[in-house]
Amino acid sequence: MAGILDNKVAIVTAGGSGIGAATVRRFVREGAAVVIADLSGSRAEQVRAEVASTGGRAVALKMDVAEPQGVETTIKLALDSFGRLDVLFNNAGMAEVSLIHQTTLESWERVIAVTLTGTFLGLKYAIPIMRRQGAGAIINTASISGIHGDYGMGSYNAAKAGVINLTRTAALENAKHGIRVNCVCPGAINTRVAQILGKDRADEFRRVMGAAHPLARMGEPDEIANTVAFLASDQASFITGASFVVDGGMTAATGLPRLPGAE
Ligand SMILES: NC(=O)c1ccc[n+]([C@@H]2O[C@H](COP(=O)([O-])OP(=O)(O)OC[C@H]3O[C@@H](n4cnc5c(N)ncnc54)[C@H](O)[C@@H]3O)[C@@H](O)[C@H]2O)c1
């Protein structure tokens, strides 16, 4: 059966883990050839080996989205390996937890560099290629943390809000060139953040995070990959400049407690 991304060539940043790795697997199942780019070369290679063992076409490389040269090299690898670039999943991002007045300039700058500048660099280097082709789809990973504030996540909140609005401008500037640019805003997703805490703390983390969502659980990486694959495909041909909230209902609420009689 034909996949929704048959014959497309895609780049997935932070493709070695979590949402990125789930999206690599989904893209490959849908027929795409994928460049798996990650700060961890070994994680990227692991995902490559896994999809290659099922007959998928993929290459892996170690890179840092905050470094212009790393992003340029990634795009060149897509062109050298597969001859074109149809889809960029600009997914890498990072958070550090601290109150604004206690946040060091170094921490602020790293979060902005990876999460916001990294997204900008992906756009900057992919757009000229896609303009030459007259087509392309870019999906940026934002977050519900780019829509609302969180305690202790100021740099991440600012960076992800920037990703949402940069998405809109990129969509406007490139619509007439056949390039669609959208972003996804995940709620809390069950990825490495939960796993690296260790089993007991991870279970508690998942329980607390899950309870904050009306659907009463964290999301799974595949549930973001489903949305990203759709946005990357021609099924989303009239969608550009949009932010897709995939958050189990979290942002549907004002945050006010339930009124008496509405339990
Ligand atoms: N997990 C969540 O709850 C959640 C919620 C909303 C948004 N997001 C966003 O989704 C994206 C992916 O998060 P995840 O939870 O799947 O992450 P994860 O921790 O499972 O994996 C992140 C991957 O990114 C790579 N990476 C880190 N810095 C990088 C850099 N500078 N350049 C290239 N690769 C880098 C890491 O090596 C790792 O393999 C991020 O942008 C994150 O902010 C996550």
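Residues numbered from 1 in each chain as written. Predicted model: local features only at pLDDT ≥ 70, side-chain atom pairs only at ≥ 80, totals over all residues.

Participant: Mind showing me how you'd approach the overall build of the chain here?
Facilitator: Secondary structure summary: the chain contains 8 helices and 7 strands in total. Taking 263 residues into account, the globule formula puts the C-alpha radius of gyration at 18 Å, and the chain, at 18 Å, falls close to it. For the chain, the spread of C-alpha atoms along the three principal axes comes to 60 × 40 × 40 Å. Burial statistics for the chain: of 263 residues in total, 43% are counted as buried. Long-range pairs, those at least 24 residues apart, make up 71% of the contacts in the chain between residues at least 6 apart in sequence. (Helix = DSSP H or I, 4+ residues; strand = E, 2+ residues; numbered from the N terminus. Rg over C-alpha atoms; globule rule 2.2 N^0.38 Å. Buried ≥ 20, exposed ≤ 12 C-beta atoms within 10 Å, placed from the backbone. Contact = placed C-beta atoms within 7 Å.)

Participant: Whenever I open this one, the nonpolar core confuses me. Can you help?
Facilitator: Considering soluble globular proteins, one finds that nonpolar side chains tend to be buried as a cluster. Ranked by internal contacts, the top residues of the largest apolar core, which has 65 residues, are Ala-10, Ile-11, Val-24, Val-34 and Ile-36. Element by element, the count of residues in this core is highest for helix α4 (residues 105-133), at 7 residues. Aside from chain neighbours lying at most four places away, what touches Val-24 is Val-12, Gly-15, Val-34, Ile-36, Val-47, Val-51 and Ala-58. (Core = buried A, V, L, I, M, F, W, Y, C linked by C-beta atoms within 7 Å.)

Participant: How should I be thinking about the site of the ligand in this particular structure?
Facilitator: As a structural note, the neighbourhood of the ligand is formed by 28 residues, with Ala-14, Ser-17, Gly-18, Gly-93 and Thr-191 the closest of them. The leading source of residues in the shell around the ligand is helix α1 (residues 18-29), at 3 residues. (Near = placed C-beta within 6 Å.)

Participant: Could you clarify how one ought to interpret the sheet that holds strand β1 (residues 9-13) in this entry?
Facilitator: As a general point, the strands of a sheet are linked pairwise by backbone hydrogen bonds and lie either parallel or antiparallel. Pairing is parallel across the open sheet formed by 7 strands, whose spatial order is β3-β2-β1-β4-β5-β6-β7. Each edge of the open sheet is held by one strand with a lone partner, namely β3 (58-62) and β7 (243-246). Shown here is a sheet whose adjacent strand axes are inclined to one another by a mean of 15°, direction ignored. Both β1 and strand β4 (residues 87-90) contribute to a ladder of 3 bridges, which runs parallel. From the neighbouring strand, Ala-10 faces β4, where its bridge partner is Val-87. Lying over the sheet, helix α2 (residues 41-52) contacts β2 (33-38) and β3, oriented at roughly 175° with respect to β3. Here helix α3 (residues 68-82) sits on the sheet in contact with β1, β2 and β3, set at roughly 155° to β2. (Pairing = 2+ DSSP bridges. Axes fitted to C-alpha atoms, helices over the stretch in contact; angles between N-to-C directions.)

Participant: So what exactly am I meant to see when it comes to the pairing of β3 here?
Facilitator: Consecutive side chains of a regular strand alternate in pointing toward one face of the sheet and then the other. Bridge count between β2 and β3: 5 bridges; the pairing is parallel. Counterpart to Ala-37 in the pairing with β3 is Leu-61.

Participant: Looking at this structure, how should I read unusual backbone geometry?
Facilitator: What you tend to see is this: most non-glycine residues have negative phi, and most peptide bonds are trans. Here the phi dihedral of Ala-14 falls at roughly 55°; this positive angle occurs in a residue that is not glycine. Within the secondary structure layout, Ala-14 lies in the loop between β1 and α1. Unlike most non-glycine residues, Ala-216 shows phi in positive territory, near 65°. Among the secondary structure elements, Ala-216 is positioned in the loop between α7 (199-211) and α8 (221-232).

Participant: For this particular structure, what's the right way to read the packing of α1 against α8?
Facilitator: Think of two packed helices as two axes; the pair is described by the angle between the axes and how far apart they sit. Contact geometry for α1 and α8: axes closest at 8 Å, N-to-C directions at 55°. It follows that α1 is oblique to α8 by the angle criterion. For the pair α1 and α8, the sense of crossing is right-handed. On α8, the residues that touch Gly-18, Ile-19, Ala-22, Thr-23, Arg-26 and Phe-27 of α1 are Pro-221, Asp-222, Ile-224, Ala-225, Val-228 and Ala-229. For the contact of α1 with α8, the residue count by class is 8 nonpolar, 2 polar and 2 charged. (Parallel < 35°, antiparallel > 145°, perpendicular 65-115°, else oblique. Left-handed = near helix turned anticlockwise from the far one by under 90°. Nonpolar A, V, L, I, M, F, W, Y, C, P; charged D, E, K, R; others polar.)

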